[in-house]
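Okay, here's what each chain looks like letter by letter:
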Amino acid sequence: MAIVVVGEKCISCGACQEVCPFEAIEMKDVAVITDKCTACGSCIDACPVGAIVREEEKKEKVNIEDYRGVWVFAEQREGNLLNVAIELIGEGRKIADKLNTELTAILLGYDVDLLADKLIKYGADRVIYADSELLETYTTDAYAKVLCDLIEKRKPEILLMGATNIGRDLAPRISARIHTGLTADCTRLDVDLENRRLLQTRPAFGGNLMATIICPNHRPQMATVRPGVMEKAAYDETRTGQVEKFVPDLTEEDVQAKVVEHVKGNKPQVKLEEAKIIVSGGRGLGSAEGFKMLEELAEKLGAVVGASRATVDAGWIDHAHQVGQTGKTVRPDLYIACGISGAIQHLAGMKESKCIVAINKDKNAPIFEVADYGIVGDVYEIIPELISALDNIDELMEMVNA
């Protein structure tokens, strides 16, 4: 945080220059802080007239009473709402109800009117829809300008965004421009009703503890939330609300970087967050060959293959499959953990699964503490048996029903 001189207060007495250990102050008409300054604060204590302050203290304080309402950034791609937007509507609805305030979904795009009505049905009281050709494709410049303009005019007290590639790019730029705090990759949100403070919880120190962060002096209170952590909002066809559509004050000159072409990768997209069944492999597989066996099981179950960080770091499988604190957070109906010991970082990403089946040779593996069903044994013996049983499922069902 920089040290600044309040020129109208400075009397050029030289007291600050005398105590500066880095010779970072020059005396002219007023004291001048040079680039040698390390912001140690010695000059602040020495100044007899309070003319030297930290930059943050010089700014006008925000009147937090002017800020009201919960906003959710409803991220969309090619006219389709992302699941995380629906999850945030559900969480935002809970927070808005606790604070007895309005939930607003912010929709940016071009010709995506139908999404505004969907957001109302999912739980928003109001949708503010900025419609412009310059917003059809995401660019940092355009989206940041429109959102910052809206925030300065409407003054929301809370703004939630998904911790997606776009959210992780956009949120810090907005928070820096409007001079507020940002807590990234939250896994839990709540509110302190007495002070209307957003309690933003996220893993810290490698997932070994959970830190709850507040933003007491600035607004809006901003947080990005990991996709898959929160439950999706329920769709209610009978819900009504207000849709406010407008053309933003945006020109070509506002967009310095332009997207000239979209090139999609050849690899199939791994949608772990949307999967109903996930078959995950860990270091217990022994090698990359083990994932071929898991892929076969996943195909039989209509599942997606997941992985622990250790297997990704070993190069056995692509990072897109990683589940855990530094990967994806998932909550499928069924999670099958094969050869995964259950490190806390991995558990943070999958412990909310509805049903967890763990297969591991070590009966004391931590994964069994969160598993609904545990199988102690060699994955190379158990998985082939499961695949064989699924191949003969029709025959088995006939025997059961006989």
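Located above this text is the structure these notes cover.
Residues numbered from 1 in each chain as written. Predicted model: local features only at pLDDT ≥ 70, side-chain atom pairs only at ≥ 80, totals over all residues. Heavy atoms only, no water.

Overview of the pattern of salt bridges
Pairing between side chains of opposite charge can happen when their charged atoms approach one another. This structure, assessed with the given rule, holds 23 salt bridges. Among the ionic pairs, Asp333 bridges to Lys354, the shortest N-O distance being 3.4 Å. With a gap of 21 residues between them, Asp333 in the loop between α9 (309-313) and β19 (334-338) and Lys354 in the loop between α10 (344-350) and β20 (356-360) connect regions that are remote in the sequence. Accessibility expressed as a relative area gives 34% for Asp333, which makes it partly exposed. Connected via shared salt-bridge partners are Glu65, Arg68, Glu157 and Arg196. (Salt bridge = Lys/Arg side-chain N within 4 Å of Asp/Glu carboxyl O. Helix = DSSP H or I, 4+ residues; strand = E, 2+ residues; numbered from the N terminus. Buried < 20%, exposed > 50% of the residue type's maximum accessible area, 1.4 Å probe, protein only.)

With respect to unusual backbone geometry
With omega at 0°, the peptide bond leading from Arg219 into Pro220 counts as cis. Within the secondary structure, Pro220 sits in the loop between β14 (209-213) and β15 (221-225). Positive phi values are uncommon outside glycine, yet Asp111 reaches one of about 60°. Along the chain, the position of Asp111 falls in the loop between β8 (103-109) and α5 (113-122). The phi dihedral of Asp185 is positive, around 60°, even though this residue is not glycine. Structurally, the position occupied by Asp185 is in strand β11 (residues 182-186). Judged by relative accessible area, which is 17%, Asp185 ranks as buried.

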